[in-house]
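# Summary of structural features
Letter by letter, the chains look like this.
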Amino acid sequence: MFPSALATMIGLPLLAVGVLSVAVGGAGLVVVPRMMAGLRKWAEWHRGQAARLLGVAVPPTADLRLRLPVRDQWRQLLRGPESRRDLRWMVRHIVPGLLIPLAALALVGLVVNAVLEAPLWWIFPADDPLRLLVAFPVTDWPGAIGLGMAQTVVGAALTWWAVPKLARLHARACLAALAPSEADQLAARVGELTESRSSVLDAHAAELRRIERDLHDGTQARLVAIAMRLAVAREALDDDTGTVATLLKEAHEGTEEAMTELRQVISTMYPPILADRGLAGAVSALAARAGIRVVTDLHDLHPVPAAVETAAYFIVAEAITNATKHSQADRVTVRLASDETLHIEITDDGQGGVDESQGTGIAGIKKRAAALDGTVTIVSPSGGPTSIIAELPCAS
Ligand SMILES: Nc1ncnc2c1ncn2[C@@H]1O[C@H](COP(=O)(O)OP(=O)(O)OP(=O)(O)O)[C@@H](O)[C@H]1O
Ligand SMILES: [Mg+2]
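First, a word on scope: everything that follows refers to the structure included in this document. As the structure is a prediction and not an experimental result, all values here were calculated from the model.

A few words on the overall build of the protein chain. A count of helices and strands for the protein chain gives ten helices and seven strands. Against the 2.2 N^0.38 benchmark of 21 Å for 396 residues, the protein chain shows a C-alpha radius of gyration of 39 Å, more extended than a compact globule. Principal-axis analysis of the C-alpha atoms places the extent of the protein chain at approximately 140 × 60 × 45 Å. In the protein chain, which comprises 396 residues, the proportion classed as buried is 23%. Partitioning the intrachain contacts of the protein chain with sequence separation of at least 6 by distance along the chain shows that 67% fall at a separation of at least 24.

Here it is as structure tokens:
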């Protein structure tokens, strides 16, 4: 521990020199990331030792990647909280790393001192005799043996009792200095969740497409075949007034209804126009066939996961329908932009006064957004205008 604290202490001014050489545009640009990578390994080694001593499991911290371009190495250094933690540990390791081994050495020294000095008590001058157990003077052999043994026992007992405690204390301080803070843990968790949501969205999209295809090519195709056979059967029947004819007619109509419903279900699951033309094309088509003037701004719209596309499509469709039905507006603007979030804004210059309790459309918009962990803000004062702003995370 002592040598490691000394080595760490030497590392501090070295690192400072490296950082200073960055300021004057020197080799530090390349050297400092390497020093920090070394420090990471050094700190991780101590962390591993401390964890083993305390019998706890600590997740390893990833090494700094030095194969990246220098700019990315620095980005890695400055962005991640790990480097800050390594530096904090470095400073905190030095003082206890020096003091704790010194305290342990002092205890061991008690024993060594008693064993070596007690037999040599007679060398000491009479007016300044050897003192054992801190204060007791040794002036004869019985005293030397008695006090020497007493100091050996006390020193050994203290060493046995205190050294493991001191080591554990130091190990705990080491783990505490290198442990991620609550904010870091939260940030890491948010990162994990964002990633897992992204994969869930992708899986969901693939599943939606699969079910839509299955229904379209399987169930719907079979219904079409049944409907055709029923039609042929009806035509083949000479008497179209009897019970069989009525039953066939009902079965035929029922099949056609089921097909219509199925088509609706398929189109609400993943509207075919989205598959054909993408979100921008689908929104443009909604705008073109609306019974009101709709201006679209889709310049900043980039591809988003299919589940987000579907939700966005229905949100825009419902908002345009509402504006047409309720707002008396002359013009509706629809703006879609995406980065890590899809921003949707639909504004009409109508009379305002959206009241969620009057129907199911607005509640549906909110539910669709909430299902994707998104938010919806509706601003619609009486007298207008009305804005519906939805933010849907895409988790790229
Ligand atoms: N753009 C708008 N401008 C003015 N009022 C609106 C607008 N959109 C909605 N509203 C009001 O808010 C109410 C709720 O809208 P919502 O879409 O939830 O229901 P709806 O359109 O009436 O029925 P549906 O369930 O078919 O959508 C509407 O009945 C209407 O009074
Ligand atoms: Mg509505």
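The next thing to look at is helix α6 (residues 182-236). Its 55 residues give α6 an end-to-end C-alpha distance of 77 Å, which sits within 8% of 81 Å, the value for a rise of 1.5 Å per residue. Along α6, the largest kink reaches about 30 degrees and is centred on Leu215.

Once that is clear, we can look at the pairing of strand β4 (residues 331-338). Judged by which residues are buried, β4 turns out to be one-sided: Val332, Val334, Leu336 and Ser338 face inward and are buried, whereas Arg331, Thr333, Arg335 and Ala337, on the alternate face, are not. Of the strand pairs in this sheet, strand β3 (residues 293-297) and β4 are connected by five bridges, and their pairing is parallel. Bridge assignment links Asp297 to a residue of β4, and that residue is Arg335. What joins β3 to β4 is helix α9 (residues 306-327), and the crossover it makes is left-handed. Taken together, β4 and the strand that follows it, strand β5 (residues 341-348), pair antiparallel across an intervening segment of two residues.

Once that is clear, we can look at unusual backbone geometry. Cis geometry marks the peptide bond from Gly384 to Pro385, where omega comes out at -10 degrees. Note on placement: Pro385 falls in the loop between β6 (375-379) and β7 (386-393). Even without being a glycine, Gln328 presents a positive backbone phi close to 60 degrees. Among the secondary structure elements, Gln328 is positioned in the loop between α9 and β4. At Asp373, a residue that is not glycine, the phi angle is positive and equals roughly 70 degrees. Tracing the sequence through the fold places Asp373 in the loop between α10 (361-371) and β6.

For any two helices packed against each other, one specifies the crossing angle of their axes together with the interaxial distance. At a minimum axis distance of 9 Å, the contact between helix α2 (residues 28-54) and helix α5 (residues 141-178) shows a crossing angle of 130 degrees. When the interaxial angle is binned, α2 and α5 end up oblique. Relative to α5, the crossing made by α2 is left-handed. When α2 is examined against α5, the residues Ala43, His46, Arg47, Ala50, Ala51, Leu53 and Leu54 are found in contact with a partner set consisting of Ala167, Arg168, Ala171, Arg172, Cys174, Leu175 and Leu178. Partitioning the contact of α2 with α5 into residue classes produces ten nonpolar, one polar and three charged.

Val308, Ala312, Val316 and Leu392 are the most contacted members of the largest nonpolar core, which has 36 residues in total. Every element with two or more residues in this core is listed here: α8 (272-289), α9, β4, β5, α10 and β7. Here the element with the most residues in this core is α9; it accounts for eleven residues.

With mixed pairing, five strands are arranged side by side in an open sheet as β3-β4-β5-β7-β6. Either end of the sheet is taken by a strand with one partner, and the two such strands are β3 and β6. Strand after strand, the sheet turns through a mean of 10 degrees between neighbouring axes, direction not considered. Bridging between β4 and β5 involves seven bridges; their strand directions are antiparallel. When the sheet's bridge partners are listed, Arg335 is paired in β5 with Glu345. Along the sheet face, α9 touches β3, β4, β5 and β7 and points at about 5 degrees away from the line of β5. Relative to β6, α10 is tilted by about 150 degrees, and along the sheet it contacts β6 and β7.

By the element assignment, Thr347 lies in strand β5. When the C-alpha positions of Thr347 and Val295 are compared, they lie 9.9 Å apart, and in sequence the two are 52 residues distant.

Before going further, it helps to spend a moment on the site of ligand 1. Around ligand 1 sit 20 residues in total, of which Asn322, Ser327, Gln358, Gly359 and Gly361 are the nearest. Counting only elements with at least two residues in the shell around ligand 1, the list comes to α9 and α10. When grouped by side-chain class, the residues that make up the shell around ligand 1 number four nonpolar, twelve polar and four charged.

About the cut-offs
- Residues numbered from 1 in each chain as written.
- Chains lettered and ligands numbered in written order.
- Predicted model: local features only at pLDDT ≥ 70, side-chain atom pairs only at ≥ 80, totals over all residues.
- Helix = DSSP H or I, 4+ residues; strand = E, 2+ residues; numbered from the N terminus.
- Rg over C-alpha atoms; globule rule 2.2 N^0.38 Å.
- Buried ≥ 20, exposed ≤ 12 C-beta atoms within 10 Å, placed from the backbone.
- Contact = placed C-beta atoms within 7 Å.
- Expected span 1.5 Å × (residues − 1).
- Bend = angle between axes of the 7 residues up to and from the residue.
- Pairing = 2+ DSSP bridges.
- Right-handed = clockwise from strand over helix to strand, strands pointing away.
- Axes fitted to C-alpha atoms, helices over the stretch in contact; angles between N-to-C directions.
- Parallel < 35°, antiparallel > 145°, perpendicular 65-115°, else oblique.
- Left-handed = near helix turned anticlockwise from the far one by under 90°.
- Nonpolar A, V, L, I, M, F, W, Y, C, P; charged D, E, K, R; others polar.
- Core = buried A, V, L, I, M, F, W, Y, C linked by C-beta atoms within 7 Å.
- Near = placed C-beta within 6 Å.

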